[in-house]
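One letter stands for each residue in the lines below.
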Amino acid sequence: MKWMLVVLVGGVTPVNTDLVFDKFAECLSAEEQMRKHYADAFEAWDRWAAANIDRRREYSKARDLQAKRLLSNIGTCVPHGGGDQPSAAPPQQPATAPAPQPSALQASPTPQPAPKP
């Protein structure tokens, strides 16, 4: 089975990364690297803000907002079925069954919203 890394932006909104791994352990390692990258980015911002924001109250508000923005993004590994199954003929449908709607064929288990600027 293959595994895909999905990022939950703000801990809620799933975003597909298109990163697919053969082993679950590899996916978990990528998720750990992603968390470390966000933590490093926050620490770098925090050092800059501490040196450049003069008023303690403004720094505190900005720090809380930045922490929420960066540290609430989490990753999760989900099973990925694309490409690992041998090709087989689609199951035959009875002649009286209605054809599936195009939207039903394109349904995805994980919604993929457009990234926000």
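Thresholds, definitions, all that
- Residues numbered from 1 in each chain as written.
- Predicted model: local features only at pLDDT ≥ 70, side-chain atom pairs only at ≥ 80, totals over all residues.
- Heavy atoms only, no water.
- Disulfide = S-S within 2.5 Å.
- Helix = DSSP H or I, 4+ residues; strand = E, 2+ residues; numbered from the N terminus.
- Buried < 20%, exposed > 50% of the residue type's maximum accessible area, 1.4 Å probe, protein only.
- Salt bridge = Lys/Arg side-chain N within 4 Å of Asp/Glu carboxyl O.

Novice: Residue-level account of the state of the cysteines, with values.
Specialist: Within this structure, the stated rule accounts for one disulfide. A sulfur-sulfur separation of 2.2 Å characterises the disulfide bridge that pairs cysteine 27 with cysteine 77. As the torsion about the S-S bond is roughly -105°, the cysteine 27-cysteine 77 disulfide counts as left-handed. Taken together, the residues cysteine 27 in helix H1 (residues 24–52) and cysteine 77 in strand S3 (residues 74–80) connect sequence positions 50 residues apart. Since its relative accessible area comes to 0%, cysteine 27 is described here as buried.

Novice: Could you give an account of the pattern of salt bridges, with specific residues and numbers?
Specialist: A pair can form between side chains of opposite charge whenever their charged atoms are brought close. Scanning the entire structure with this criterion turns up five salt bridges. Salt-bridge contacts for glutamate 31 lead to arginine 35; the nearest nitrogen and oxygen are separated by 2.8 Å. Here glutamate 31 pairs with arginine 35, and both are found in helix H1, just four residues apart, close to one helical turn. Among the residues examined, glutamate 31 registers a relative accessible area of 10% and is labelled buried. With a relative accessible area of 43%, arginine 35 lands in the partly exposed category. Arginine 63 is paired through a salt bridge with aspartate 46; the nearest N and O atoms lie 3.1 Å apart.

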